[in-house]
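# Residue-level structural notes
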Amino acid sequence: MSSTRTLLSPLALARPRGRALYWTVFTGVVLLFTLAFLFPVYWMVSGAMKSADEVTRTPPALVPDRWHLGGYTDAWDLMELPTHLWNTVVQATGAWLLQLVFCTAAAYALSKLRPAFGKVILGGILATLMVPAQALVVPKYLTVADLPLIHTSLLNDPLGIWLPAVANAFNLYLLKRFFDQLPRDVLEAAEIDGAGRMRTLRSIVLPMSRPVLGVVSIFALVAVWQDFLWPLMVFSDTGKQPISVALVQLSQNIPLTVLIAAMVIASIPMVAMFLVFQRHIIAGISAGSTKG
């Protein structure tokens, strides 16, 4: 019979003084970590409700003298946030859908169909992870500016964001590793029942892969939502720029409180998405660490 050693023995925890000490330390640590994570959020949200003098005051004011909501309304109107948020949604959604379709298909082919030279192809895909992203900016821009064979430009077009996002080696490898761990008995049973490769993928593999698909979806959406350099190069038209670029381009003559309010509004979709899909993220991480 194995026993687990802890800082406090079961005998000490059974005593009233030991229990009180344990829960005091536990509550203090939880409150400390909660404060460390939530205070920056409070500071940003409350900063948009302060006056211009309070934002720059030294020492800083923890609580505004008067709560002003005008910073949020001014940010919504002056910085044209609805337009730029919609641009971001369109770019992120298209990149997410295309990435799910093509990365899932490629990962399934490399994992289960075992094509000729599959390991060589996978090695070449993984080799791209060793190349710094900054080194690929110029080749990507030249390709998007004059698309080979058809000689058309994708600048100021959502396709300029969607197509480069499809080639995501990390998400492809993550999907392949998950497909490698799927129970072979289930796939062989489907093959015996007459299911083809596409039917197996659609009816068996994808339903079993919901956790990892959720993780890949989070990675794909966050990558497009927070990207700055590539959308800045693709979209010279201000009316088509995503929120990450617009916040910088339109912040020249904007009061600091209005800019802080705009950043708060821009961060709400990602925070809401994390809160909604956090269970899928945890499930995907745990599923990727165990063999099926």
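As a starting point, this report considers the structure included with it. Quick caveat, the model's predicted, so the values are computed rather than measured.

Our next topic: unusual backbone geometry. Negative phi values dominate among residues other than glycine, just as trans dominates among peptide bonds. Phi at R114 is positive, roughly 50 degrees, even though this residue is not glycine. In this structure, R114 sits in the loop between α5 (81–113) and α6 (118–127). In this structure, N156 is a non-glycine residue whose phi angle is positive, near 60 degrees.

This brings us to the packing of aromatic side chains. Tallied over the entire structure, the rule returns five aromatic pairs. Where W23 meets F26, the ring centres are 5.6 Å apart and the plane angle is 90 degrees; that geometry is what we call edge-to-face. Here W23 pairs with F26, and both are found in helix α2 (residues 16–47), just three residues apart, close to one helical turn. Overall, the relative accessible area of 41% leaves F26 in the partly exposed class.

Considering the arrangement of structural elements, one finds H84 in helix α5. Once residues within four sequence positions are removed from consideration, H84 is found in contact with M79, T238, Q241, P242, I243, A246 and L250.

Before going further, it helps to examine α5. Between its first and last C-alpha, α5 extends 46 Å over 33 residues, near the 48 Å set by a 1.5 Å rise per residue. Positioned one or two residues after α5, R114 has a phi angle of 50 degrees, which is positive.

This part covers the side chain of K50. Within the element layout of this structure, K50 appears in the loop between α2 and α3 (52–55). Of the side chains bearing the opposite charge, E54 lies closest to the buried K50, which forms no salt bridge; the N-O distance is 7.0 Å. In this view, K50 contacts W43, V55, A61, P64, H68 and T257; residues no more than four positions away in its chain are not counted.

So, on to a nonpolar patch on the surface. Taken together, the side chains of L21, V25, V29, L32, F33, F37 and L38 present a nonpolar region at the surface, about 730 Å² in accessible area. If you trace the backbone, L21 turns up in helix α2.

Turning our attention to the packing of α5 against helix α8 (residues 159–166). Contact pair α5 / α8: the axes reach a minimum separation of 8 Å and the direction vectors enclose 30 degrees. It follows from the interaxial angle that α5 and α8 lie roughly parallel. Every pair of crossing elements has a handedness; the one defined by α5 and α8 is right-handed. Here V90, Q91, G94, A95, L98, Q99, F102 and C103 of α5 lie close against α8, whose contacting residues are I161, W162, A165 and V166. Of the residues in the contact of α5 with α8, the class split is nine nonpolar, three polar and no charged.

Within the secondary structure, W162 sits in helix α8. For W162, the residues in contact, after removing those within four places along its chain, are V90, Q91, G94, A95 and L98. A distance of 3.2 Å separates a polar side-chain atom of W162 from the backbone oxygen of Q91.

Here the focus is the nonpolar core. Counting residues in each nonpolar core, the largest one holds 34 residues, and the members touching the most others are Y72, M79, L81, I243 and L247. Among the secondary structure elements, those contributing two or more residues to this core are α4 (70–78), α5, α8, α12 (210–226), α13 (229–234), α14 (243–249) and α15 (256–288). Ignoring any residue separated from it by four or fewer positions in sequence, one finds M79 in contact with D74, H84, A246, L247, L250, S251, I254, V258, L259 and A262. Counting 19 residues, the second-largest nonpolar core is a separate cluster that includes A107, A190, I204 and L213.

The rules we used
Residues numbered from 1 in each chain as written. Predicted model: local features only at pLDDT ≥ 70, side-chain atom pairs only at ≥ 80, totals over all residues. Heavy atoms only, no water. Helix = DSSP H or I, 4+ residues; strand = E, 2+ residues; numbered from the N terminus. Phe/Tyr/Trp six-rings, centres within 6.5 Å; stacked < 30°, edge-to-face > 60°. Buried < 20%, exposed > 50% of the residue type's maximum accessible area, 1.4 Å probe, protein only. Contact = heavy atoms within 4.5 Å. Expected span 1.5 Å × (residues − 1). Lys, Arg positive; Asp, Glu negative; His and termini not counted. Salt bridge = Lys/Arg side-chain N within 4 Å of Asp/Glu carboxyl O. Patch = residues over 30% accessible without salt bridge, like charges linked within 9 Å, V, L, I, M, F, W, Y side chains within 5 Å. Areas by Shrake-Rupley, 256 points an atom, 1.4 Å probe, with all protein chains shown as cover. Axes fitted to C-alpha atoms, helices over the stretch in contact; angles between N-to-C directions. Parallel < 35°, antiparallel > 145°, perpendicular 65-115°, else oblique. Left-handed = near helix turned anticlockwise from the far one by under 90°. Nonpolar A, V, L, I, M, F, W, Y, C, P; charged D, E, K, R; others polar. Polar contact = N/O pair within 3.5 Å; in protein donor to acceptor, adjacent residues only side chain to side chain. Core = buried A, V, L, I, M, F, W, Y, C linked by side-chain atoms within 4.5 Å.

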